[in-house]
Every structure is written in structure tokens, then in C-alpha cells.
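Observations on chain architecture
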Amino acid sequence: MNSEALERLLLDRALGQSPSDVTVLLDAYLADHPTVALRARELEHTVRLAGDVLRPRENADLPPFPTVRIRSASRRRHTLRVLRDAGAL
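Everything quoted here is computed from the prediction, not taken from an experiment. (Residues numbered from 1 in each chain as written. Predicted model: local features only at pLDDT ≥ 70, side-chain atom pairs only at ≥ 80, totals over all residues. Heavy atoms only, no water.)

As a further point, take the nonpolar core. Membership of the largest hydrophobic core is limited to 9 residues, which are Leu6, Leu10, Ala14, Leu26, Leu30, Val36, Ala37, Ala40 and Leu43. The set of elements that each furnish at least two residues to this core consists of α1 (3-14), α2 (20-32) and α3 (34-54). Leu10 has contacts with Leu26, Leu30, Val36, Arg39, Ala40 and Leu43, leaving out every residue within four places of it along the chain. (Core = buried A, V, L, I, M, F, W, Y, C linked by side-chain atoms within 4.5 Å. Buried < 20%, exposed > 50% of the residue type's maximum accessible area, 1.4 Å probe, protein only. Helix = DSSP H or I, 4+ residues; strand = E, 2+ residues; numbered from the N terminus. Contact = heavy atoms within 4.5 Å.)

Now the structure itself:
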């Protein structure tokens, strides 16, 4: 079997996107090829980890937007610019 095609099939299987008949054939292939079966388990583990990281969190409250701090920094910058320009006169 072509290694690139096999890798795509393993990834589809790990993502749960392979048709059931393909999964059955792939499972039979993996039963006879332990090194490929190890690669399949690694891909499944990676997909599971990625899913855990990308899953939205219920308690993921963002901190409040720092409007006051931004406004203050903007005023300071403006004041410094005016003072600098006034000194150039």
C-alpha cells in the first residue's frame, strides 16, 4: 500500500471521518502490520490531544477590556507629543 495513501486513511480514521467499510478494511490491515498500528494509535492520541486543547471551555471568561489603561496611555502619548512639539518651537 502507498505510504501517503495509508497516512491519509489513518488520519481520516483517527478523525472519525472514514466510511465504515474503509474502517473495517483498515482494521484488518492494522491487525497484520503492528508498526502501522502503532502509527495509527499515535495519530489517534494526537487527534485526541488536539481536540482537548481546541474544545471550547465553559468557564473561559476573558478579563475585562482595559479601556481605562488604554485611554490613559493614549492621553500620555498625546501629552508627550504636544510637549515635544512645543519644545521644537
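Okay, back to it.
In this section: the side chain of Ser18. With respect to the element layout, Ser18 can be found in the loop between α1 and α2. Taking relative accessible area as the criterion, Ser18 reaches 16% and is therefore assigned buried. At a separation of 2.7 Å, a polar atom in the side chain of Ser18 contacts the side chain of Thr23. What Ser18 contacts, discounting residues up to four positions off in sequence, is Asp12, Arg13 and Thr23. (Polar contact = N/O pair within 3.5 Å; in protein donor to acceptor, adjacent residues only side chain to side chain.)

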